[in-house]
Amino acid sequence: MSTQPPSSPAPHPARSDARAWIEVDAGALGRNLDRIRAALPTGTGLIPMVKADGYGLGVAPLVERLESAEPRAYGVATVDEGMELRDFGVRRPILVFSPVPPGDEDAVVEAELTLCLSDRAALGRLREVARRERRLVPVHLEIDTGMGRAGFRSDALDDWGPAVREAVAADSGADGGVALEGLFTHFHSADESPERAQETIAAQRERFGRVSAAIEEWVPGPLLVHLSNSAASLRTGAAGGTAVRPGIFLYGGGVGEEVEPPEDVVSVRARVIRVVDVPAGATVGYGATYRAGAPERWATLAIGYGDGLPRALSNRGRVVLQERSAPIVGRISMDMTVVDITGVPSTRPGDVATIVGRRDRGEPTLDEVATGAGTISYEILTGLSPRLPRRWLRDP
Ligand SMILES: *Cc1c(COP(=O)(O)O)cnc(C)c1O
């Protein structure tokens, strides 16, 4: 599989002395996947979620690693993401989870993607293209049991059920149309407190169960039924489904207090590019929001919010240099960040600072960085900019 679409100009060769980069630990990713699997009944299908460029890790090398797990399908958010996977040579089913804007149906059929449908109009548009192309196109139905952003509403089966049933029946055995292959819902609070998670998962399962029981009577064969994201997979297994849709846990994001954290997968590193001794009273960064209270030594790191380091960590985050913490001082700028290395005085230009790393080395974890920035691990990962080369560490 190639990682560059054929039309891209040849990139400059990756420089070994890059200013800042991301390391991805494929071994840790594999062990996190094993943790998820161990929580599931044997035979449960895997639909790894690889949307948003594989949660920022780089979808091509990610899918290369995930192939050995023989997933039932891959999950993406958009038609473009699905087409990109096809361009990389992925032959497995690719589910497009977000509803697509009208007009995307031609590309869906052309790239043999599987749409997750949320309304009758979208079903109608897809059928029209499928019939014209004389193709039987697989679809999954999303059932909205409380997430409220997509799906056929579980409390309105009487409104949409008959029309969907008719369409599916008319197309089975026809020369083009849609084939119902799967059914799913999405839990909104699976990573909240254990009580809240348990209570809401039970309520959503109940709503989903009433709809799925009705739908399973329309179709002769078994449907692929999937409910659980990472948090639900680890807390309640497949929740009655035949497959699960894990994402963040595979990539090193924790999924709630009671669940043992995953292995750290992603490290973010940056070079020291300047070291300076400053007297008491010296200021740093836009707005001069930090002032040295005593003589201090500062290091400038070659990373900033333009690389995806959240500006919210200004004056509050930390990095690790030579196994010791150095606090971020002043506001993070687009390309540079200054840390106080008074406690790590032997730091030199060219040294490597760890911004996100491994808990067993005392480095800030993905979740520590996210909490410090007032956000979630997902936003940190997907915010890491294309400026940072992704370096996949050799599998163990
Ligand atoms: C992103 C996504 C997931 C994965 O959720 P995680 O919390 O990352 O495990 C599962 N299902 C759907 C529909 C999603 O959009």
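Described below are features of the structure shown in this document. Since the model is a prediction, treat every value here as computed from it, not as a measurement. (Residues numbered from 1 in each chain as written. Predicted model: local features only at pLDDT ≥ 70, side-chain atom pairs only at ≥ 80, totals over all residues. Heavy atoms only, no water.)

### What about the overall build of the chain?
And then number 1: Across its full length, the chain holds eleven helices and 19 strands.
And then number 2: The principal-axis extents of the C-alpha atoms in the chain amount to approximately 80 × 50 × 40 Å.
And then number 3: Scored against the burial criterion, the 396 residues of the chain give a buried share of 52%.
And then number 4: Long-range pairs, those at least 24 residues apart, make up 66% of the contacts in the chain between residues at least 6 apart in sequence.
And then number 5: Carbon and sulfur atoms provide 49% of the accessible area of the chain, an area that totals close to 18,200 Å².
And then number 6: Charged side chains in the chain number 45 positive and 54 negative. The centres of these two groups are separated by 5 Å. (Helix = DSSP H or I, 4+ residues; strand = E, 2+ residues; numbered from the N terminus. Buried < 20%, exposed > 50% of the residue type's maximum accessible area, 1.4 Å probe, protein only. Contact = heavy atoms within 4.5 Å. Areas by Shrake-Rupley, 256 points an atom, 1.4 Å probe, with all protein chains shown as cover. Lys, Arg positive; Asp, Glu negative; His and termini not counted. Charge placed at Lys NZ, Arg CZ, Asp CG, Glu CD.)

### Some thoughts on the packing of helix α6 (residues 120-132) against helix α7 (residues 157-171)
And then number 1: In contact at an axis separation of 11 Å, α6 and α7 are set at 10 degrees when each is read in the N-to-C sense. Classified by the interaxial angle, the pair formed by α6 and α7 is roughly parallel. For the pair formed by α6 and α7, the contact residues are Arg-120, Leu-123, Arg-127 and Arg-131 on the first element and Asp-159, Trp-160, Ala-163, Val-164, Ala-167, Ala-170 and Asp-171 on the second.
And then number 2: Grouping the constituent residues of the contact of α6 with α7 by class yields six nonpolar, no polar and five charged. (Axes fitted to C-alpha atoms, helices over the stretch in contact; angles between N-to-C directions. Parallel < 35°, antiparallel > 145°, perpendicular 65-115°, else oblique. Nonpolar A, V, L, I, M, F, W, Y, C, P; charged D, E, K, R; others polar.)

### Some words on the site of the ligand
And then number 1: The local shell around the ligand holds 13 residues, among which Lys-51, Tyr-55, Ser-230, Arg-245 and Tyr-378 are the closest.
And then number 2: Residue Tyr-55 places a side-chain N or O atom 2.6 Å away from an oxygen atom belonging to the ligand.
And then number 3: A distance of 2.6 Å separates an oxygen atom of the ligand from a polar side-chain atom of Tyr-378.
And then number 4: A total of 390 Å² of accessible area belongs to the ligand in isolation, and the protein chains cover 93% of it.
And then number 5: Of the residues belonging to the shell around the ligand, the class tally is six nonpolar, four polar and three charged. (Near = heavy atom within 4 Å. Polar contact = N/O pair within 3.5 Å; in protein donor to acceptor, adjacent residues only side chain to side chain.)

### Some points on the pairing of strand β18 (residues 352-356)
And then number 1: Of all five residues in β18, four are buried, a share of seventy percent or more.
And then number 2: Across four bridges, the pairing between strand β11 (residues 266-278) and β18 is antiparallel. Paired with Arg-271 across the strands is Val-352, a residue of β18. (Pairing = 2+ DSSP bridges.)

### A word on the nonpolar core
And then number 1: Counting residues in hydrophobic clusters, the biggest one holds 115 residues, and the most contacted among them are Val-50, Leu-85, Leu-141, Trp-160, Ile-215 and Tyr-251.
And then number 2: Residues within four places of Tyr-251 in sequence aside, it is in contact with Leu-29, Met-49, Val-50, Tyr-55, Leu-57, Leu-62, Leu-66, Val-265, Val-266, Leu-366 and Leu-381. (Core = buried A, V, L, I, M, F, W, Y, C linked by side-chain atoms within 4.5 Å.)

### Some details on the pairing of strand β8 (residues 177-184)
And then number 1: The buried count for β8 comes to six of eight residues, which makes it a mostly enclosed element.
And then number 2: Strand direction decides the pairing type here: strand β6 (residues 136-144) and β8, joined by seven bridges, are parallel. Looking across to β8, one finds that Leu-141 is bridged to Leu-183.
And then number 3: Sheet analysis places β8 next to strand β9 (residues 224-226), joined by three bridges and oriented parallel. Residue Phe-184 lies in a different strand from β9, and its bridge partner there is His-226.

### Some remarks on α7
And then number 1: Over its 15 residues, α7 runs 20 Å from end to end, which matches the ideal 21 Å to within 8%, given 1.5 Å per residue.
And then number 2: Here α7 has its buried residues at Leu-157, Trp-160, Gly-161, Val-164, Ala-167, Val-168 and Asp-171. Each buried residue of α7 lies within a common arc of 140 degrees when the element is viewed along its axis, so the set occupies one face. Away from the buried face of α7 by more than 90 degrees, exposed residues Asp-158, Glu-166 and Ala-169 are located.
And then number 3: Structurally, α7 contributes buried residues whose contacts are with α6, β6, β7 (152-153), β8 and α8 (194-216).
And then number 4: Where α7 terminates, the next one or two residues include Gly-173, which has phi positive at roughly 80 degrees. (Expected span 1.5 Å × (residues − 1). Arc of directions from axis to C-beta.)

### Some thoughts on α8
And then number 1: Over its 23 residues, α8 runs 31 Å from end to end, which matches the ideal 33 Å to within 8%, given 1.5 Å per residue.
And then number 2: Listed in full, the buried residues belonging to α8 are Ala-197, Thr-200, Ile-201, Gln-204, Phe-208, Val-211, Ser-212 and Ile-215.
And then number 3: Where α8 is buried, its residues contact β6, α7, β8, β9 and α9 (230-236).

### Focus on the side chain of Asp-264
And then number 1: Along the polypeptide, Asp-264 turns up in the loop between β10 (243-244) and β11.
And then number 2: There is a polar contact of 2.8 Å between the side chain of Asp-264 and the backbone nitrogen of Arg-359.
And then number 3: Beyond its immediate stretch of four places on either side in the chain, Asp-264 contacts Asp-25, Ala-28, Gly-357, Arg-358, Arg-359 and Thr-365.

Honestly, it's all geometry; don't read function into it.
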